[in-house]
Amino acid sequence: MSAAQVRLRPATQADAETITEILLTSRRRAMPYLRQLYTDAQARTWIEGHVLVECDVTVAILADRVVGFAAVRAGFLDHLYVTPDAQSRGVGSRLLAAAKAARLDGLRLYVFQRNTNACGFYEKRGFTLVALDDGTRNEEGEPDALYEWRGGLGHLHRRGR
């Protein structure tokens, strides 16, 4: 299956369980070094009451199944996760492209420094490293990196317009 077969749509509260499963499965697979701070039920409550309420969330559908999601809030890509079995099929790229299209003035995100696959993913798609942090700003206590994409209007920012 190709990226062309990926459909995107806005998330609804009915997607909360699937989004929670994608988040937990993806984090456990890609970042086994992270401490589990919350139960699965607490994570679902957070997705329902925070992420789906305060963020613009888009889900990706491949073969009639939700396989990824992206959540944007106030110029930040707060989350972008794809199920392990759907990775390397263009799902993450499509979700990121949609997030960028909705934020032509730019987008920022944090990624854990040890998540080198994610760092490479964002760098290949136009994000640049802005700052490194020692982990004191996130609850996982894991050093992270701030990335920025200047957007379609980036040339105006650089020229001071």
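Quick notes on the rules
Residue numbers here run from 1 along each chain, matching the order of that chain's written sequence. The predicted nature of this model means local features are confined to residues of pLDDT at least 70 and side-chain atom pairs, given and counted, to a pLDDT of 80 or more, with totals for whole chains, interfaces and linings taken over all residues. Side-chain figures throughout are based on the complete set of non-hydrogen atoms in the structure, without hydrogens or water. The helix count covers DSSP runs of H or I at least four residues long, the strand count covers runs of E at least two residues long, and both are numbered beginning at the N terminus. Expected helix span is given by 1.5 Å per residue-to-residue step, counting one fewer step than there are residues. A residue's bend is given by the angle between axes fitted to the 7 residues ending at it and the 7 residues starting at it. Residue burial is assigned from relative accessible area. The probe radius is 1.4 Å, only protein chains are included, and a residue is buried under 20% of its type maximum, exposed over 50%, and partly exposed in between. When checking whether two residues touch, look at their non-hydrogen atoms; a contact exists if any pair is within 4.5 Å. We define the nonpolar core as a collection of buried residues of types Ala, Val, Leu, Ile, Met, Phe, Trp, Tyr and Cys that are connected through side-chain atoms lying within 4.5 Å of one another.

### Things to note about helix H2 (residues 40–54)
Then comes step 1: When the terminal C-alpha atoms of H2 are compared, their 20 Å separation across 15 residues agrees well with the 21 Å that a helix rising 1.5 Å per residue should span.
Then comes step 2: The largest bend in H2 is about 40°, located at Ile47.
Then comes step 3: Among all positions of H2, only Ala43, Ile47, Val51 and Leu52 are buried.
Then comes step 4: The elements touched by buried residues of H2 are helix H1 (16–30), strand S2 (56–62), strand S3 (65–73) and strand S4 (76–82).

### Points about the nonpolar core
Then comes step 1: Counting 25 residues, the largest nonpolar core has Leu77, Leu80, Val91, Tyr122 and Phe127 as the members making the most contacts within it.
Then comes step 2: For this core, the secondary-structure elements that each account for two or more residues are S2, S3, S4, helix H3 (91–102), strand S5 (107–112), helix H4 (116–124) and strand S7 (144–149).
Then comes step 3: Setting aside chain neighbours within four positions, we find Leu77 in contact with Ala70, Ala71, Val72, Leu96, Ala99, Leu107, Arg108, Leu109 and Tyr122.
Then comes step 4: With 19 residues, the next largest nonpolar core counts Ala11, Ala16, Val66 and Tyr81 among its residues.

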